[in-house]
Amino acid sequence: MSSKTLRLTQPDDWHLHLRDGETLSTTVPHSSRTFARAIVMPNLKPPVTTVEQALAYRQRIISHIPKGRSFEPLMTLYLTDKLDAEEVQRAYDEQCVHAIKFYPAGATTNSESGVAELECVYPAIEKMAELGLPLLIHGEVTGDHIDIFDRERVFIDNVLSPLTQKFPKLKIVLEHITTREAVDFVNSQGDNIAATLTPHHLLLDRNDLLAGGVKPHYYCLPILKRSSHRSALIEAATSGSPKFFLGTDSAPHAIETKETSCGCAGIYSAHAALEFYAEIFEAANALDKLEGFASFFGADFYKIPRNSAKITLSKNPLSVPAEYIFGDSTVIPMRAGETVSWSIEETT
Ligand code: DOR
Ligand code: ZN
């Protein structure tokens, strides 16, 4: 008897960390197995802050695409105090830079060069609004006095809301949202404001991270929230609203930097990303909404053509290995040593 299958337009990943150097030989084959394109995060060490650096990084990524596959890295620049309107114009003209990423200084991995005072970059943001170049936002305030579980909500009230009022035409993607407040905020705004949703925030809550022992491989930022927030995220993802689309935030770290007394934030999901989303949508009885979320809404928001290739998923379990090689170390993938209930059959 043939198992249940699902045929979709090939999806894109609108938020991805590929890293650099030798580790590209793990991350690029994984992502290009499923996705036609990906918005590539610029938080390298040092960060990708100029068009020239983005173009060079793009070439390093392309050199790791397995033969016979097509995969287009959509590059981003890292917003620093030094980004001026001219570089924004250059980014726009150079068609392979698709967005600019705003990390509040100190908010997450390699965000030391991020922006402390948004006012300093108003000329760059003004230019982005004029050109229609999206600003991608890590939406968390920093500062030890704000509870880590409240950082997204406070960011929306104190930073994002005023920003949208100051620049009403600016295209914004609020990345990897984790709270009901973020869903409500995005829903309350115009078409120029959208959000990405990760497989880990849709599948896990803070009990998975903390109950019965700390699981360092589930530590990510924004941190996993209580399960009522997860329900709001699932509702948003499966609602059919074009404001919510796929962005894995797959963020690999070498095992020794996760399993330590002060571990890095990030969950690696690129090896089974679409399969995780299929599980989530099936559990919500919304498999018919997966194609819009995974393959249409992001492309429409970024104003680039939808893909024409198709991908077929089948309800055959995918076995996830215990680890993958990651440069001279290993990375522990999400669901390590277990199975995912869907697998990719073919891409045509
Ligand atoms: O968990 C995360 N990991 N969140 C981020 O915002 C950054 C990412 C990384 O680069 O490791
Ligand atoms: Zn990220």
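That block above? That's the structure.
Residues numbered from 1 in each chain as written. Chains lettered and ligands numbered in written order. Predicted model: local features only at pLDDT ≥ 70, side-chain atom pairs only at ≥ 80, totals over all residues. Heavy atoms only, no water.

1. Some thoughts on the sheet that holds strand β15 (residues 343-347)
Consideration 1: Taken together, the three strands give an open sheet; going across it, the order is β1-β10-β15, and neighbouring strands pair in antiparallel fashion. The outermost strands of the open sheet, each flanked by one partner alone, are β1 (5-9) and β15. Between one strand axis and the next, the sheet turns through 25° on average, direction left out of account.
Consideration 2: Taken together, the five bridges between β1 and strand β10 (residues 310-314) define a ladder with antiparallel strand orientation. Each residue of the ladder has a partner; that of R7, found in β10, is T312.
Consideration 3: Along the sheet, helix α11 (residues 273-283) contacts β1, β10 and β15; its crossing angle with β10, the most-contacted strand, is approximately 60°. (Pairing = 2+ DSSP bridges. Helix = DSSP H or I, 4+ residues; strand = E, 2+ residues; numbered from the N terminus. Axes fitted to C-alpha atoms, helices over the stretch in contact; angles between N-to-C directions. Contact = heavy atoms within 4.5 Å.)

2. A look at the coordination of the zinc ion (ligand 2)
Consideration 1: Taken together, the protein donors to the zinc ion (ligand 2) comprise H15 (NE2), H17 (NE2) and D249 (OD), at separations of 2.1 Å.
Consideration 2: In terms of primary sequence, the donors binding the zinc ion (ligand 2) are separated according to H-x1-H-x231-D. (Donors = N, O, S within 2.8 Å, 3.2 Å for Na, K, Ca; no water.)

3. Quick notes on the site of ligand 1
Consideration 1: Around ligand 1 sit 14 residues, and of these R19, N43, L221, H253 and A265 come closest.
Consideration 2: In this structure, G266 approaches ligand 1 through a main-chain N or O atom, which is 3.3 Å from an oxygen atom.
Consideration 3: Expressed as a share of its isolated accessible area of 290 Å², the protein-covered part of ligand 1 is 99%.
Consideration 4: Split into classes, the residues belonging to the shell around ligand 1 amount to four nonpolar, eight polar and two charged. (Near = heavy atom within 4 Å. Polar contact = N/O pair within 3.5 Å; in protein donor to acceptor, adjacent residues only side chain to side chain. Areas by Shrake-Rupley, 256 points an atom, 1.4 Å probe, with all protein chains shown as cover. Nonpolar A, V, L, I, M, F, W, Y, C, P; charged D, E, K, R; others polar.)

4. With respect to the packing of aromatic side chains
Consideration 1: Taken as a whole and assessed by the stated rule, the structure comprises 10 aromatic pairs.
Consideration 2: For the ring pair F301 and Y302, a centre distance of 5.8 Å and an interplane angle of 75° mean the geometry is edge-to-face. Y302 matches F301 in its accessibility class, with the two residues each being buried.
Consideration 3: Here the aromatic cluster, defined as three or more aromatic residues joined through ring pairs, consists of W14, F245, F301 and Y302.
Consideration 4: Taking NZ or CZ as reference, K166 lies 5.9 Å from the ring centre of F167, over its face.
Consideration 5: If you follow R306 out to its NZ or CZ, it ends over the ring of F296, 4.0 Å from the centre. (Phe/Tyr/Trp six-rings, centres within 6.5 Å; stacked < 30°, edge-to-face > 60°. Buried < 20%, exposed > 50% of the residue type's maximum accessible area, 1.4 Å probe, protein only. Lys NZ or Arg CZ within 6 Å of the ring centre and 35° of its normal.)

5. Digging into the packing of α11 against helix α12 (residues 290-302)
Consideration 1: Where α11 contacts α12, the two axes come as close as 10 Å, and the packing angle between them is 145°. Across the interface between the two elements, L274, Y277, A278 and F281 from α11 touch L290, F293 and A294 from α12.
Consideration 2: The residue inventory of the contact of α11 with α12, partitioned by class, reads seven nonpolar, no polar and no charged.

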